[in-house]
Amino acid sequence: MISVDKSTEHIRRSDSLLSVVIPIYQEGSHIKSSIKVIENVLIENNFVYEFILVDDGSKDNSWSELKSLAKDNEAMNIIRLSRNFGKESALCAGLEYARGDMVLVMDGDLQHPPEIIPAMVNAWLHEGYDLVDGVKHSRGKENIIYRACAKLFYYFIYKSSDINLGRASDFKLLDRKVVEAWKELPERAIFFRGMSAWVGFKRKEIEFDVAERVNGKTKWSLIRLIRLAVNAITSYTSVPLHFITLLGVVMFFGAVALGLHTLFMKLSGRASDGFTTVIILLLVIGSAIMTSLGIIGIYLTKIYKEVKARPRYLISDYIRGGDDKC
Ligand code: UDP
Ligand code: MG
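These numbers were taken from a predicted model, which means no experiment stands behind them. (Residues numbered from 1 in each chain as written. Chains lettered and ligands numbered in written order. Predicted model: local features only at pLDDT ≥ 70, side-chain atom pairs only at ≥ 80, totals over all residues. Heavy atoms only, no water.)

Enquirer: Would you mind going over the site of ligand 1 in detail, with residue names and values included?
Expert: Around ligand 1 lies a shell of 17 residues, among which Glu27, Asp56, Asp109, Gln111 and Thr218 are the nearest. Asp109 places a side-chain nitrogen or oxygen 2.6 Å from an oxygen atom of ligand 1. Between ligand 1 and Gln111, the relevant distance is 2.6 Å, taken from an oxygen atom to a side-chain nitrogen or oxygen of the residue. Against a free-state accessible area of 530 Å², the protein chains account for coverage of 90% of ligand 1. Looking at the shell around ligand 1 residue by residue, the classes come out as four nonpolar, five polar and eight charged. (Near = heavy atom within 4 Å. Polar contact = N/O pair within 3.5 Å; in protein donor to acceptor, adjacent residues only side chain to side chain. Areas by Shrake-Rupley, 256 points an atom, 1.4 Å probe, with all protein chains shown as cover. Nonpolar A, V, L, I, M, F, W, Y, C, P; charged D, E, K, R; others polar.)

Okay, structure coming up:
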């Protein structure tokens, strides 16, 4: 059971430290200017801040750009993962290193508008919220199929686990105690958006419009999205497994009815038409068994990965701003 130690309760002051965690993958072309834009908002509002910039194994010049950012700016802490572990793992690394009384998590491509950071901090500082969630007012530019799939996916999660992720984003401000609670969650495969809804706490939503990407392109290919969706669904619900049981029950009743019918026809000397029935039955039962095995397999893989308990990420470099390693 996770309990939140009272000693983690910080006093909220206007000079409390704000950690900004940003996962970065192949954003070299614009990352310096994007970080500057975010930093300017923090400076204008007189926040006391630090950046935790996590390079998620980029193959472009992201790391050298980050190093040059950290060279003469003590507020920049940069971490490099040993390979591309995925956004969720990069976020974990960032949260692990953040020291702030509040931690802001956002993307590095300015799709999460920095202008609303002051409103988020205000909600934490003056209204006493522990988790300020940026929710998407509009989803930005997306094609129809993508939008439909996203809708279906969120509907499924909502119906099966009661967690509404429809407009959720990874743009969040977390109080220190939320971060501590999150760090204690033992699972390896994580889905950040869902996890923060799951932990609860005093939560406020702030709407924002998803901006256009400043440069570069999205890292979410169709395959990656499907993988993320399967991971998210299996993380939050076991409904697919119960669905298999239900399917079994339905098919059992069908089997009894068909069996009785076949027997009756046989006894009355009018056996059923041979092949068509057999072929259809074989196909239906065969595909039902395969699908069921597949679903069980997905959960089994998940258990297998969790049991192995490998670390979520490996760090190859960590540099604090102003270090001579830059
Ligand atoms: N990202 C990452 N590792 C990955 C993929 C993405 O750290 O494997 C980062 C990326 O650099 C960006 C954020 O996650 O800061 C969101 O990624 P992206 O903009 O590609 O996603 P989208 O906004 O299209 O959902
Ligand atoms: Mg983006």
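Let's pick the thread back up.
Enquirer: Any chance you could break down the coordination of the magnesium ion (ligand 2) for me, citing the residues and the numbers?
Expert: All of the protein donors around the magnesium ion (ligand 2) are Asp109 (OD) and Gln111 (OE1); their distances to the metal are 1.9 to 2.0 Å. Take Asp109: its relative accessible area is 3%, and that puts it in the buried class. On the basis of relative accessible area, Gln111 is assigned to the partly exposed category, the value being 22%. (Donors = N, O, S within 2.8 Å, 3.2 Å for Na, K, Ca; no water. Buried < 20%, exposed > 50% of the residue type's maximum accessible area, 1.4 Å probe, protein only.)

Enquirer: Kindly report on the packing of helix 3 (residues 87–97) against helix 6 (residues 176–184), identifying the contributing residues and their values.
Expert: Interaxial distance between helix 3 and helix 6 falls to 10 Å at its minimum, and their mutual angle equals 125 degrees. On the basis of the axis angle, helix 3 is oblique to helix 6. For the pair helix 3 and helix 6, the sense of crossing is left-handed. Each of Cys92, Leu95 and Glu96 in helix 3 lies in contact with helix 6, whose residues at this interface are Val179, Trp182 and Lys183. Taken together, the residues that form the contact of helix 3 with helix 6 break down as four nonpolar, no polar and two charged. (Axes fitted to C-alpha atoms, helices over the stretch in contact; angles between N-to-C directions. Helix = DSSP H or I, 4+ residues; strand = E, 2+ residues; numbered from the N terminus. Parallel < 35°, antiparallel > 145°, perpendicular 65-115°, else oblique. Left-handed = near helix turned anticlockwise from the far one by under 90°. Contact = heavy atoms within 4.5 Å.)

Enquirer: Residues and numbers for unusual backbone geometry, please.
Expert: Located in the positive-phi region is Leu110, a residue other than glycine, with phi close to 60 degrees. Inspection of the secondary structure assignment puts Leu110 in the loop between strand 4 (102–105) and helix 4 (117–125).

Enquirer: I'd love a proper account of the nonpolar core, names of residues and values included.
Expert: Among the nonpolar cores identified, the biggest contains 37 residues, and Leu18, Ile22, Phe51, Leu53, Leu104 and Ile117 are the most heavily contacted of them. It is helix 4 that contributes the most residues to this core, six residues altogether. When neighbours within four sequence positions are excluded, Leu18 is seen to be in contact with Leu42, Phe47, Val48, Tyr49, Glu50, Met102, Leu104, Val121 and Leu173. Formed by 35 residues, the second largest nonpolar core is a distinct cluster that contains Ile52, Ala93, Phe153 and Ile190. (Core = buried A, V, L, I, M, F, W, Y, C linked by side-chain atoms within 4.5 Å.)

Enquirer: Go over helix 2 (residues 62–71) with me, naming the residues and quoting the values.
Expert: Among the residues of helix 2, those classed as buried are Ser62, Trp63, Leu66, Leu69 and Ala70. The arc enclosing the buried residues of helix 2, seen along the axis, measures out at 120 degrees, which places them on a common side. Close packing links the buried residues of helix 2 with strand 1 (17–24), helix 1 (31–44), strand 2 (48–55), strand 3 (76–81) and strand 8 (315–320). (Arc of directions from axis to C-beta.)

Enquirer: Could you give an account of the environment of Tyr318, with specific residues and numbers?
Expert: Looking at the secondary structure, you find Tyr318 in strand 8. The class for Tyr318 is partly exposed, based on a relative accessible area of 25%. Between the C-alpha atoms of Tyr318 and Lys67, which are 251 residues apart in sequence, the distance is 10 Å.

Enquirer: Give a detailed account of the pattern of salt bridges, specifying residues and quantitative values.
Expert: Counted according to the given criterion, the structure contains 14 salt bridges. In this structure, Lys172 engages Asp133 in a salt bridge whose closest nitrogen and oxygen atoms are separated by 2.5 Å. Here Asp133 lies in strand 5 (residues 131–138) and Lys172 lies in strand 6 (residues 168–175), a separation of 39 residues in the sequence. Its relative accessible area of 0% is what places Lys172 among the buried residues. On the basis of relative accessible area, Asp133 is assigned to the buried category, the value being 2%. One salt bridge connects Glu180 with Arg176, and the closest N-O pair in it is separated by 2.7 Å. (Salt bridge = Lys/Arg side-chain N within 4 Å of Asp/Glu carboxyl O.)

Enquirer: An account of the packing of aromatic side chains is requested, with residue identities and associated values reported.
Expert: Inspection of the entire model under this criterion finds four aromatic pairs. Positioned over the ring face of Tyr129 is Lys202, at 4.8 Å from the centre of the ring. (Phe/Tyr/Trp six-rings, centres within 6.5 Å; stacked < 30°, edge-to-face > 60°. Lys NZ or Arg CZ within 6 Å of the ring centre and 35° of its normal.)

Enquirer: Requested: an account of helix 1, with residues and values cited.
Expert: Here helix 1 spans 20 Å end to end across 14 residues, near enough to the 20 Å set by a 1.5 Å rise per residue. Buried residues in helix 1 make contact with strand 1, strand 2, helix 2, strand 3 and helix 4. Phi for Asn46, located one or two positions after helix 1, is positive at around 55 degrees. (Expected span 1.5 Å × (residues − 1).)

Enquirer: How would you explain a positive patch on the surface if you had to name every residue and give the values?
Expert: A cluster of basic side chains, namely Arg227, Lys305, Lys308 and Arg310, defines a positive patch on the protein surface. Take Lys308: it is sitting in helix 10 (residues 274–308). The exposure class assigned to Lys308 is partly exposed, which follows from its relative accessible area of 38%. (Patch = residues over 30% accessible without salt bridge, like charges linked within 9 Å, V, L, I, M, F, W, Y side chains within 5 Å. Lys, Arg positive; Asp, Glu negative; His and termini not counted. Charge placed at Lys NZ, Arg CZ, Asp CG, Glu CD.)

Enquirer: I'd like a rundown of the pairing of strand 4, residues and numbers included.
Expert: Judged by which residues are buried, strand 4 turns out to be covered on both faces: Met102 and Leu104 on one side and Val103 and Val105 on the other are all buried. Note that strand 1 and strand 4 share four bridges and pair parallel. Bridged to Val20 within strand 4 is Leu104. As defined by bridge partners, strand 4 adjoins strand 6 across four bridges and the pair is classed as antiparallel. Bridging from a neighbouring strand, Val103 pairs with Leu174 of strand 6. (Pairing = 2+ DSSP bridges.)

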